[in-house]
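# Structural overview for review
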Amino acid sequence: MLRALQDEHGDALFAHALRLAGGDRQRAEDLVQETLLRAWRHPEALDPQRGSVRAWLFTTARNLAIDAWRRRSARVGEIVTDELPEPPPAVDEADRAVEAWTVAEALGRLSASHREVLVECFYEGRSVAEAATRLGVPAGTVKSRTHYALRSLRLVLEEMGVTR
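Residues numbered from 1 in each chain as written. Predicted model: local features only at pLDDT ≥ 70, side-chain atom pairs only at ≥ 80, totals over all residues. Heavy atoms only, no water.

### Some details on the nonpolar core
Grouped together as the largest cluster of nonpolar side chains are 16 residues, with contacts concentrated most on L5, L13, L31, L36 and L57. Elements supplying a minimum of two residues to this core: α1 (2-20), α2 (25-41) and α3 (53-74). The contacts of L5, once residues within four sequence positions are left out, are G10, L36, A39, L46, V53 and L57. Residues L107, L110, V137 and L153 belong to the second largest nonpolar core, which totals 15 residues. (Core = buried A, V, L, I, M, F, W, Y, C linked by side-chain atoms within 4.5 Å. Buried < 20%, exposed > 50% of the residue type's maximum accessible area, 1.4 Å probe, protein only. Helix = DSSP H or I, 4+ residues; strand = E, 2+ residues; numbered from the N terminus. Contact = heavy atoms within 4.5 Å.)

Following this line, the structure appears as structure tokens:
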């Protein structure tokens, strides 16, 4: 089970953990290891009926990063920063609506194959293997299309004037 999780989600999970750890590879590796350990201890959380496995892994890694930040902040002399790794989201429904419209418009400008792979992997939360099965293409094709689709989406958003 852990090998399959690592094979399917390991690269994306490490990239996510690396962002959470502010580029510290050692802390990112620790986050990935602890996240996979939690997955092993709680296999019921990985049931696809309960939701996306990748979303659970990313959320667990984020929670572990915040917990580690809080532990470091509580110790005198170990305060790295006075900000959480990710600030709590400010809920503004108008901003959310505009953002959703903008992304939908940008997705509409992509080719059908790029759009469907992004919808399967990111909006539906399917793994590469699941998306490959649903789309009727090899897993390598899903990975390749996802890479190029994200590049295309970034270009379309830039053309629309969206900046990071």
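### Observations regarding the pattern of salt bridges
Following the criterion strictly, the structure yields five salt bridges and no others. Across the pair R38 and E34 runs a salt bridge, and its minimum N-O distance is 3.2 Å. Of this pair, R38 and E34 both sit in helix α2, separated by four residues, roughly a single helical turn. Residue classification places E34 among the partly exposed positions, given a relative accessible area of 26%. A salt bridge links E124 to R126; the shortest N-O distance between them is 3.5 Å. (Salt bridge = Lys/Arg side-chain N within 4 Å of Asp/Glu carboxyl O.)

### Brief notes about the environment of T35
Mapped onto the secondary structure, T35 falls in helix α2. On a C-alpha basis, the gap between T35 and T60 in space is 6.1 Å, while along the polypeptide they are 25 residues apart. With residues near it in sequence (within four places) discarded, T35 still touches L13, W56, L57, T60, A61 and L64. Side-chain polar atoms of T35 contact the backbone oxygen of L31, separated by 2.7 Å. (Polar contact = N/O pair within 3.5 Å; in protein donor to acceptor, adjacent residues only side chain to side chain.)

### With respect to a nonpolar patch on the surface
A contiguous nonpolar patch, built from M1, L2 and W40 and spanning about 330 Å² of accessible area, is present on the exposed surface. When you line up the elements, M1 lands in the segment before α1. (Patch = residues over 30% accessible without salt bridge, like charges linked within 9 Å, V, L, I, M, F, W, Y side chains within 5 Å. Areas by Shrake-Rupley, 256 points an atom, 1.4 Å probe, with all protein chains shown as cover.)

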